[in-house]
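Descriptive analysis of the structure
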Amino acid sequence: MLDLTPKEIIERKGLRINPCKTCQPVGAVYAALGVHKCMPHSHGSQGCVSFHRMFLSRHFKEPAIASTSSFTEGTSVFGGGSNVKTAVKNVFDIYNPDIIAIHTTCLSETIGDDLNTYIQQMEIPEGKIVVHSNTPSYAGSHISGYFNMMSGFIKYLAKNTGEDNGKIGIFPGFTNPGDMREMKKIAKLLGADFTMFPDTSGVMDAPMTGNYEMYPKGGTTIPEIIGLGDCKKVLALGELTSMEPAMELKRKCEVDFDCLPLPIGIEATDAYVTALSHFAKTEVPYALEEERGQLVDIMLDSHAYYDKKTVAIYGDPDTVLGITSFVLEMGMIPKYVLTGTPNEKFTKKANALFEKFGVTDCKAKASGDLFELHQWIKNEPVDLLIGSSYGKQIAKAEDIPFVRAGFPVLDRYVHSYMPIVGYKGAIRLVELISNALMDRQDRDCADEDMELVM
Amino acid sequence: MDKRTKILDNYSARVFKNRKDHIVELEDAADPQSIAANSRAIPGVMTNRGCCYAGCKGVVLGPLKDVVTITHGPIGCGFYTWGTRRNKAKAGDDGKNFIEYSFSTDMQEPDIVFGGEKKLKQAITEAVEIFKPACIMICSTCPVGLIGDDIHAVATWTEETYKIKCVAYSCEGYKGVSQSAGHHIANNSLMKYVIGTGDKAPTQKFSVNILGEYNIGGDGWETSRILKRIGYEVISVFTGDGSYEEIKNAHTANLNLVQCHRSINYIAEMMKTKYGIDWIKVNFIGVDETVRSLREMAAYFDDADLTARTEAVIADELANIADDMAYYKSKLQGKKAGLFCGGSRSHHYQNLLADLGVETVVAGYEFAHRDDYEGREVIPTIKTDADSKNIEEMTVTPDEKHFRLLLSKEKFEQLAKAIDLEAYAGMIKDMGNGTVVVDDFNHYETEQLIELFKPDVFYSGVKDKYVIQKIGVVSRQLHSYDYSGPYAGFKGAVNFARDTTMGVSTPAWNYVTPPWRTVPTLEGKIGGEE
Ligand code: SF4
Ligand code: SF4
């Protein structure tokens, strides 16, 4: 496995090997799927969206719908105006969504297609909506595509009527439906009136009923997105993912926002809970305090199995920062933390965490790739690896226990239903991490050292 | 209303006009109506098609294990073709297996604005330094063609600077109308730059290349196992578990076996013209078809020993799987299937399903051409359009040094009457009257087809799979085999039968409707009985 990866590291400036990010459009599709009765539309040649649908279907094991402008060579020369107009007509005709969310690809961006103008020229059926966002794949990553699409919805739809609706907007970051459900559960327990945007729960985890519904029950509704402009406040969870759209909303509708980390681990969840309780002016209910207490109880019981163990964490910036912060709370050492997404804030925030918990010898990198991470591990190994399915190769090559978390998880089931956020999510992370390490201990120990009670 | 009309009924006039020629309800399968294929997908209609790059890098070149294939473009395309297709490979003697890796130039905005050649050269320099490959291939994605990077000049520069093989493919996603254009581009350059550059001669009397076998789930290994048992030498495989080192010598083989006609028939034809190597259309999917293919190969070589060995191996392999196949047939007999895949499998698997007593009621392809549906005899009547004209039709001439014919002209013609020698009859003729064939099937039509035909199992790809299952029909992926396989050859047939049986009978199907949904009727009955 990965036998050709040498230990010796040479600095690379041209060659990306085994990336830890992908392109903007897939993030845009995912954001759009979190809007009720929305058809994501890719303005480019049809290959991109074919890849994006596959990618999302493989992670969620669910249908991931999206249409395309199907550029040909001629379109690439003369522009995609007529293609996108035809496409929009056909999509409304055949698939009847309430809204089409167009994103661009590196092709339409390179030729400089102007979606603003095209959309103005379109015949859009009465009561239907078309929005767009620019998502050039030669900048940023799928994370930027996700927040750019969110900003696109906000730009087109959010409205400040001058009268606040008493709600708080919650931007959940690039997370799984299971995470979004957990965040909503907490907000409900605190009695906050909220709009989560986007919200892929009920869409990318839709139940089996024997009937296929192209637009399942879930997703943020259009009136809710419009209403974001009247929210009292927004909680932007995960600064590197959610701050941009929050700033967009502030610019357009003057809605204030607070940036919090993704609620992964104790402190980050505490911050989320506290913010919501301040907003709703409610006491934190016993149900949440109980969960929190259970989490701390479990951590105290199990700490001996992970204390001071070293771990490498890779994936999307806010998710990685969240997990990093939690493993530090658990007493572990996040020796390597890496994201493929280019954003130096990531490194700063990770280093701040190292400092806060007084760990040394830890390394953080943005714009990295898994080839490099593997080389670091070859030079100085770790006890545990946490991240997407693409790390399984490294885990196998170096025989390291492995916990799957984040995007994409292509090789396991159920993960997208289960949270890693909130106290419940943290309990799950403790279970995943301690199981991985303890299974390893059982596997490797001599027969006479096998413990029945651990 | 016939089925075809029902499928088309809801379309607007515009879409109807286009789609009506892509859907055929077979009146007389032996003399089928013609079908429209290999033309543009309609913008906005959720096609299952991918792009030229996917066909070139993803399908044909990706499986070459000893090649560092660098995707020149932004990160997405290269990322999505990393490890997702299941083209398995084991390193050869040189220890090189790049299948586990993904290489990209990850172009950034300045590369788009100022050109990406510099970065590509830098990437190649680094690849050479780290991996010392014997061959590098460059595949371009959409923006590269538009900004005018000359990847072919970079390939020349690489060969001169590093004294290694380097081939560039301008397979931008917008070329052609589907993956098919990419197959063609890949075929052309393999022919131009790789095949015929080696000189390792075969060591055995009967040697073959397997063309269009991508070793998904290990299919190629199962096929090679059977061929080796009979005594064939497999010179090269295009391209599953294949390598640059092997395909260099492809021109030394006696015979080409074409498995996936769509993706590789160009090479088969060009090798015939250039080297005189005949090809036969084989199919190692399905028990009967595997047997037929092996017998046709034996007939081609016309050697008493080989024929005897062929029959002995067939008899032994059949005996080994007979019980299993009979068992699964008893479970599947009479079931109905829908079958939608890329450009060949929708035909191949009909044969395997027939072995199991399953009838294919509706089938189609993503990106096939008319000859894949109607047979190669229609090729002269296929009109070229603006999109197909953009893909180079390469002309080759006989290579004086290597050209040789194994069969005399008379022998060839005589044999052509008996076996699939340079012939392919297409999918449709194997289908029954009243069945429906759909080209470039889309999301909407898939739903319609299931409603109309109520198949028991529907084979398709991952984009459809979960839609189909939500409707209540089990769906197995035929591109990736749902992470199972091999499905080829004799042992593969049993795997396929097992997986299908499992899919239709897993107990979870019994729990789709919760009991309380049926409570009112139950109460009513109890009341009535009293
Ligand atoms: S990198 Fe560009 S061409 Fe490739 S999949 Fe992403 S948007 Fe499409
Ligand atoms: S067998 Fe099908 S999926 Fe495979 S290359 Fe041929 S057409 Fe594509």
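Residues numbered from 1 in each chain as written. Chains lettered and ligands numbered in written order. Predicted model: local features only at pLDDT ≥ 70, side-chain atom pairs only at ≥ 80, totals over all residues. Heavy atoms only, no water.

A look at the pattern of salt bridges
Residue and element names in this part refer to chain B. Short version of the rule: We count a salt bridge whenever a side-chain nitrogen from Lys or Arg sits within 4 Å of a carboxyl oxygen from Asp or Glu. Runs of H or I in DSSP of at least four residues are treated as helices and runs of E of at least two as strands, each being numbered from the N terminus. Note on classification: 1.4 Å probe, protein chains only; a residue is buried when its accessible area is under 20% of the maximum for its type, exposed when over 50%, partly exposed between these limits.
By the definition in use, this model includes 61 salt bridges over all chains. Between K65 and D241 there is a salt bridge, with its nearest N and O atoms 2.8 Å apart. Taken together, the positions of K65 in the loop between helix 3 (52-61) and strand 2 (67-72) and D241 in the loop between strand 7 (233-239) and helix 11 (244-247) put the pair 176 residues apart, joining distant regions of the chain. Classification of K65 as buried rests on a relative accessible area of 8%. A salt bridge links E289 to R292; its shortest N-O distance comes to 2.9 Å. With E289 and R292 both in helix 13 (residues 287-301) and three residues apart, the pair spans about one turn of that helix. A relative accessible area of 15% places E289 in the buried class.

Thoughts on helix 13 of chain B
All names here are of chain B. The test is simple: Each residue after the first adds 1.5 Å to the expected span of a helix.
Its 15 residues give helix 13 an end-to-end C-alpha distance of 22 Å, which sits within 8% of 21 Å, the value for a rise of 1.5 Å per residue. Counting buried residues along helix 13, 12 of its 15 residues qualify, which places the element largely inside the surrounding structure. Turning to helix 13, its buried residues are V287, E289, T290, V291, R292, S293, L294, E296, M297, A298, Y300 and F301. Where helix 13 terminates, the next one or two residues include D302, which has phi positive at roughly 50°.

Notes on the site of ligand 1
Put simply, the rule is: In this text, near means that some heavy atom of the residue lies within 4 Å of the molecule or strand in question.
In the neighbourhood of ligand 1, the contacting residues comprise C23, P25, C48, H52, T105, C106 and S137 of chain A together with P74, G76, C77 and Y80 of chain B. Per-site note: the chains with residues close to ligand 1 are chains A and B. Of all the secondary-structure elements, those providing two or more residues to the shell around ligand 1 are helix 2 (46-60) of chain A together with helix 4 (75-80) of chain B. With three residues, helix 4 of chain B is the largest single contributor of residues to the shell around ligand 1.

A word on the domain arrangement of chain B
Residue and element names in this part refer to chain B. Here is the rule: For the purposes of this description, domain bounds are those given by an automatic or database domain assignment. The contact criterion used throughout is that any non-hydrogen atoms of two residues lie within 4.5 Å. Buried area, as used here, totals the accessible surface that two parts lose on assembly, with accessibility defined by a 1.4 Å probe and the loss added over both. For the purposes of these results, a polar contact is taken to be a pair of N or O atoms within 3.5 Å, where, inside protein, one atom must be able to donate a hydrogen and its partner to accept one; residues adjacent in sequence count only when each atom of the pair is a side-chain atom. When residues are grouped by polarity, Ala, Val, Leu, Ile, Met, Phe, Trp, Tyr, Cys and Pro land in nonpolar, Asp, Glu, Lys and Arg in charged, and all others, Gly among them, in polar.
The domain boundaries assigned to chain B delineate domain 1 (52-194) and domain 2 (207-326 + 376-418). The centre of domain 1, based on its C-alpha atoms, is set 27 Å off from the matching centre of domain 2. Opposite the 30 residues of domain 1 that make contact, domain 2 presents 32 residues. Carbon and sulfur atoms supply 65% of the area that domain 1 and domain 2 bury against each other, a total of about 2,700 Å² over both sides. Three residues stand out in domain 1 for area buried against domain 2, namely K88, H184 and M191, and they jointly supply 24% of the buried area on that side. A salt bridge links K192 to E392, with the shortest nitrogen-to-oxygen separation between them at 3.6 Å. The interface formed by domain 1 and domain 2 includes 12 residue pairs in polar contact (both at pLDDT 80 or more). Those elements that provide at least two residues to the side of domain 1 that touches domain 2 are helix 3 and helix 9 (179-194). Residue composition of the side of domain 1 that touches domain 2, grouped by class: 14 nonpolar, seven polar and nine charged.

Considering the packing of helix 8 (residues 177-189) of chain A against helix 11 (residues 266-280) of chain A
All names here are of chain A. Formally: Fitted lines through C-alpha atoms serve as axes, helices being fitted only where they are in contact, and the angles separating the N-to-C directions of these axes extend from 0 to 180 degrees. Should an angle fall under 35 degrees it is called roughly parallel, over 145 degrees roughly antiparallel, and 65 to 115 degrees roughly perpendicular, with every other angle called oblique. Take the far helix as your reference; a near helix turned counterclockwise from it by less than a right angle gives a left-handed crossing, and one turned clockwise gives a right-handed crossing.
Running from amino to carboxyl end, helix 8 crosses helix 11 at an angle of 40°, the nearest separation of the two axes being 9 Å. What the angle tells us is that helix 8 and helix 11 run oblique. For the crossing formed where helix 8 meets helix 11, the hand is right-handed. Contact with helix 8, carried on its side by M183, I186 and A187, involves T269, Y272, V273 and L276 of helix 11 and no other residues of that element. Along the lines of polarity and charge, the residues of the contact of helix 8 with helix 11 split into six nonpolar, one polar and no charged.

Digging into the pairing of strand 10 (residues 310-315) of chain A
Residue and element names in this part refer to chain A. The following threshold applies: A strand pair is defined by DSSP finding two or more bridges across the two strands. If you view a crossover with the strands going away from you and the path from the first strand over the helix to the second runs clockwise, you call it right-handed.
Across the six residues that make up strand 10, a large majority, six, are buried. Both faces of strand 10 are covered, namely the face carrying T310, A312 and Y314 and the face carrying V311, I313 and G315. Of the strand pairs in this sheet, strand 10 and strand 11 (residues 333-339) are connected by six bridges, and their pairing is parallel. Counterpart to T310 in the pairing with strand 11 is I333. With helix 13 (residues 317-329) bridging strand 10 and its parallel neighbour strand 11, the resulting β-α-β unit is right-handed. Relative to strand 13 (residues 384-387), strand 10 runs parallel, the two being bridged by three bridges. From the neighbouring strand, A312 faces strand 13, where its bridge partner is L385.

A look at the domain arrangement of chain A
It is common to give the size of an interface as the accessible area lost on bringing the parts into contact. Residues and elements named next belong to chain A. By the assigned domains, chain A splits into domain 1 (24-157), domain 2 (168-287) and domain 3 (302-449). The interface is formed by 25 residues belonging to domain 2 together with 30 residues belonging to domain 3. Both sides of the domain 2 and domain 3 interface together cover about 2,300 Å² of buried area, and 58% of this is carbon and sulfur. Taken together, the links from domain 2 to domain 3 amount to three salt bridges. In this structure, the salt-bridge partner of K356 is E267, at a minimum N-O distance of 2.6 Å. In this assembly, domain 2 and domain 3 are joined by 13 residue pairs in polar contact (both at pLDDT 80 or more). Put simply, the parts of the chain that give the side of domain 2 that touches domain 3 at least two residues each are helix 8, helix 10 (239-253) and helix 11. In terms of residues, the side of domain 2 that touches domain 3 owes the most to one element, helix 8, which gives seven residues. Counted by class, the side of domain 2 that touches domain 3 contains 11 nonpolar, seven polar and seven charged residues.

Quick word on a negative patch on the surface
Residue and element names in this part refer to chain A. Put simply, the test is: Put simply, a patch holds well-exposed residues, over 30% relative accessible area, that have no salt bridge, with like charges counted together within 9 Å and Val, Leu, Ile, Met, Phe, Trp or Tyr side chains within 5 Å. Computed by Shrake-Rupley with a 1.4 Å probe, the accessible areas treat only the displayed protein chains as cover when residues are assessed. The charge count includes Lys and Arg as positive and Asp and Glu as negative, but it does not include His or the ends of the chains. Taken as the charge location is NZ of Lys, CZ of Arg, CG of Asp or CD of Glu.
On the surface, D447, E448, D449 and E451 cluster together into a patch of negative charge. Within the element layout of this structure, E448 appears in the segment after helix 17 (422-444). With a relative accessible area of 67%, E448 lands in the exposed category.

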